[in-house]
Every structure is written in C-alpha cells, then in structure tokens.
Amino acid sequence: MTTQPTIGWIGPGIMGRPMCKHLLSAGFPLIVYARRRESAQELLDMGAAFAPTPAALAAQVDIVISMVSDTPDVEAVLLGDNSVIEGGKTGLLVVDMSTISPVTTRKIAEKLAEKGIRMLDAPVSGGDVGAIAGTLTIMVGGKAEDLDTVLPALAVMGKTITHIGDHGAGQLAKACNQLIAAQTVIAVTEAFELAKAAGVDPAKVRAALLGGFAYSKVLELHGQRILTENFQPGFKAHLHNKDMHIVTDTLTAFGLNLPGTQRAADYMQALVDAGNGELDSSALATIVQHNAKVTG
C-alpha cells in the first residue's frame with residue numbers, strides 16, 4: 001500500500017482549517033504551525049501534530065502548504081527567521097495557497113530553488129463555503145511534475161485544479177479572477193440601477209438574465225445579495241481590497257493601464273474606507289449605488 005506523504009500546514013485559519021480537515025479525513029499525516037496554538041486545537045484533536053516554528057515543521061514533512069493572509073506573511077513563513085527555507089531539506093515541495101503578488105511569488109520560488117526546495121503557487125477561489133465542501137477552484141503555477149506530486153492532496157480540497165503555467169501563473173490567474181469578480185459586481189449593480197430608474201423591477205430583470213448570455217455566478221449569488229441588501233460575509237471586503245491592491249500593483253509591474261480594473265479597485269477601497277471592510281465584498285454595490293445617485 002502506498003504511504004501518503006506527510007504534509008505540513010502553515011495557517012489553519014478560516015480557509016485553512018476545513019482544508020486541513022479534508023486532508024486528515026483522507027489519511028494524510030498532518031503537522032500544523034500556527035502563531036496561536038489554540039487556532040489549531042481542533043485539528044490537533046483530530047490527530048494532527050503541532051510544530052513550534054515553520055522551520056521545525058519543514059524539517060519533518062514531504063510537502064509544506066501555506067495559507068496565510070498576504071504577501072509579507074508568505075515571505076515571513078517561507079523566507080524569514082525560523083522559516084521553511086531554514087528547516088526544509090533538498091527536494092521539499094512548498095505549495096503556497098495564499099493569494100499574493102505574482103511578481104513576489106516568482107522571487108520566492110527563485111530563492112527557495114537556490115536551497116533545492118521546489119515551489120508551486122496554488123491560490124484558490126470558492127471562499128470558506130468551497131473550503132468546507134472541498135469544492136475549491138485551484139489555480140496552479142510551477143512545474144507540472146511537482147503538481148503531479150501534490151495532486152492527490154489538492155484533489156481532496158478542490159473540484160477544479162488547473163495547471164496555468166510556470167511560477168506565478170497561478171497567482172496571476174487569481175488576480176484575473178478577483179478583477180473579474182469586482183467588475184462584475186459593478187456591472188450587475190449598474191444594471192439594477194438602470195432598471196430601477198426606468199421603473200422596472202430589478203429582481204425580474206435578474207431572473208430573465210440568469211437564463212441568458214449575461215448569466216454569471218456573480219449575477220446569481222451576489223445579485224440576490226444586492227437585491228436583498230444582505231451583505232453578511234462570505235468573502236470579506238477588506239480581503240478583496242487586499243487582492244485588488246495586488247491586481248493594481250501587478251498592472252504597474254507590467255506597464256498596463258486598465259481603467260475598468262482601476263475603477264473597481266478605487267470603489268473597493270472606498271468601501272473599506274467607509275468602515276465596511278467586514279461586510280461581504282458584494283457590498284461594493286453600495287458604492288456603485290451612491291455614485292449613481294450623485295451623478296444621476
């Protein structure tokens with residue numbers, strides 16, 4: 001019988017915890033690092049072990065998976081003091097499932113490679129609902145043979161797993177996902193505002209559009225949120241705002257001017273600046289509605 005590789009998990013938070021549960025249920029030996037041990041306690045009760053530092057974790061495992069908040073957090077746990085690069089052996093495979101800068105991802109992969117450590121970037125879409133259900137969409141950058149190594153583990157966490165290209169390509173795909181999602185919320189809200197201004201029921205407009213070419217998950221799920229003004233998260237606006245900063249920084253790095261994306265980023269920042277960062281990111285609609293009234 002084939003022995004499952006031992007996996008080290010860094011960041012058992014809202015997304016990471018249910019993903020770890022799937023790994024444990026599938027029989028993968030799991031060692032967990034968290035800044036606060038209590039955040040990993042549920043996993044420890046299920047049979048996971050605990051490591052005091054990322055370096056100690058990396059020394060004991062075949063694969064390290066990180067799922068932390070932002071680019072500096074990934075740099076800290078993979079390259080900083082007591083980090084994975086200090087404890088990992090040659091041949092270790094690191095899979096970063098956080099959402100971070102594609103440009104920085106490439107630099108991290110290069111630094112790890114100098115120590116003989118392999119890396120994939122594998123950000124996800126689907127939110128905590130997808131993490132709990134094991135139906136995440138996973139976008140992978142790095143070498144195809146490294147994806148083959150970790151594919152059985154990813155398959156218990158995700159439904160759609162796509163190899164996009166070399167290092168950073170997964171993060172670039174996630175940036176594209178986030179800019180499309182934000183711009184589509186704006187488009188759906190503007191459509192509803194047009195309907196209301198013309199005295200037409202936006203709920204009926206949505207129902208019609210769900211059966212046509214304008215259908216999208218954003219129209220289906222967030223469209224209903226917008227109609228009922230139910231902005232309980234979901235995916236919190238401050239996290240989508242962080243992602244939109246990654247998008248605009250990436251545009252700058254590649255010398256691109258994409259006005260629709262910039263407007264979506266500005267609106268998301270305005271939502272957070274208004275004190276609504278804990279709401280679902282679809283609350284972006286409230287900024288669109290405000291601007292429609294101002295300019296109408």
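Everything here concerns the structure above.
If you're wondering where the values come from, they're calculated on a predicted model, not measured in any experiment. (Residues numbered from 1 in each chain as written. Predicted model: local features only at pLDDT ≥ 70, side-chain atom pairs only at ≥ 80, totals over all residues. Heavy atoms only, no water.)

S.K.: Explain the overall build of the protein here, please?
M.R.: A count of helices and strands for the protein gives 14 helices and nine strands. Seen through its principal axes, the protein has C-alpha atoms that stretch 65 × 40 × 35 Å. Within the protein, buried positions represent 48% of all 296 residues. Counted over contacts in the protein with a minimum sequence separation of 6, partners at least 24 positions apart contribute 66%. If you sum the accessible surface of the protein, you get close to 13,700 Å²; carbon and sulfur atoms cover 55% of it. Charge centroids of the protein, computed over 23 positive and 29 negative side chains, lie 4 Å from each other. (Helix = DSSP H or I, 4+ residues; strand = E, 2+ residues; numbered from the N terminus. Buried < 20%, exposed > 50% of the residue type's maximum accessible area, 1.4 Å probe, protein only. Contact = heavy atoms within 4.5 Å. Areas by Shrake-Rupley, 256 points an atom, 1.4 Å probe, with all protein chains shown as cover. Lys, Arg positive; Asp, Glu negative; His and termini not counted. Charge placed at Lys NZ, Arg CZ, Asp CG, Glu CD.)

S.K.: Looking at this model, I keep getting lost on the environment of Lys-196. Mind explaining?
M.R.: Among the structural elements, Lys-196 can be located in helix α9 (residues 169-197). In contact with Lys-196, other than residues within four places in its own chain, are Pro-202 and Gln-289.

S.K.: Mind showing me how you'd approach the environment of Glu-278 here?
M.R.: Relative to the helices and strands, Glu-278 is located in the loop between α13 (259-273) and α14 (284-295). Distance in space between the C-alpha atoms of Glu-278 and Ala-237 is 6.0 Å, their sequence separation being 41 residues. Ignoring sequence-local partners within four residues, the contact set of Glu-278 consists of Pro-233, Lys-236 and His-238. Here the side chain of Glu-278 touches Lys-236 through a polar contact of 2.7 Å, side chain to side chain. (Polar contact = N/O pair within 3.5 Å; in protein donor to acceptor, adjacent residues only side chain to side chain.)

S.K.: I'm lost on helix α11 (residues 217-228) in this one. Help?
M.R.: Because an α-helix completes one turn every 3.6 residues, residues spaced three or four positions apart along the sequence face the same direction. With 12 residues, α11 ought to run about 16 Å at 1.5 Å a step, and its terminal C-alpha atoms sit 17 Å apart, in line with that. Two residues or fewer past α11, Glu-229 is found with a positive phi of approximately 55°. (Expected span 1.5 Å × (residues − 1).)

S.K.: Mind showing me how you'd approach unusual backbone geometry here?
M.R.: Residues other than glycine predominantly adopt negative phi, and peptide bonds predominantly adopt the trans conformation. The residue after Pro-233, namely Gly-234, is reached through a cis peptide bond having omega 5°. Its place among the elements puts Gly-234 in the loop between α11 and α12 (237-253). With a phi close to 55°, Asn-82 is a non-glycine residue in the positive phi region. Relative to the assigned elements, Asn-82 resides in the loop between α4 (71-79) and α5 (84-87). The backbone of Glu-229 sits at a positive phi, close to 55°, despite the residue not being glycine. When you line up the elements, Glu-229 lands in the loop between α11 and α12.

S.K.: Can you help me understand the packing of helix α10 (residues 202-209) against α11 in this one?
M.R.: How two helices sit against one another is set out by the angle between their axes and by the gap between those axes. Here α10 crosses α11 at 175°, and the two axes come no closer than 11 Å. When the interaxial angle is binned, α10 and α11 end up roughly antiparallel. Counted together, Pro-202, Ala-203, Arg-206 and Leu-209 of α10 and Leu-219, Glu-220, Gly-223, Gln-224 and Leu-227 of α11 form the full contact between these two elements. (Axes fitted to C-alpha atoms, helices over the stretch in contact; angles between N-to-C directions. Parallel < 35°, antiparallel > 145°, perpendicular 65-115°, else oblique.)

S.K.: Help me understand the pairing of strand β9 (residues 158-165), please; the structure alone is not making it clear to me.
M.R.: Within a regular strand, side chains alternate between the sheet's two faces. Inspection of the sheet shows strand β8 (residues 136-141) paired to β9 by six bridges, in the parallel sense. Across the sheet, the residue bridging to Val-140 is His-163, located in β9. Once you follow β8 into helix α8 (residues 144-155) and on to β9, the crossover reads as right-handed. (Pairing = 2+ DSSP bridges. Right-handed = clockwise from strand over helix to strand, strands pointing away.)

S.K.: What is the right way to look at the nonpolar core in this model?
M.R.: Most often, soluble globular proteins keep nonpolar side chains buried together rather than apart. In terms of nonpolar packing, the biggest core is built from 33 residues, with Trp-9, Met-19, Leu-30, Val-95, Met-97 and Val-150 touching the most fellow members. Discounting residues that sit within four places of it in the chain, Val-95 has contacts with Ile-63, Val-64, Ile-65, Ser-66, Leu-120, Ala-122 and Val-150. If you look at the next biggest cluster of nonpolar residues, it comprises 25 residues, including Val-185, Ile-186, Met-244 and Leu-251. (Core = buried A, V, L, I, M, F, W, Y, C linked by side-chain atoms within 4.5 Å.)

Interpretation in functional terms is not warranted from these geometric data alone.
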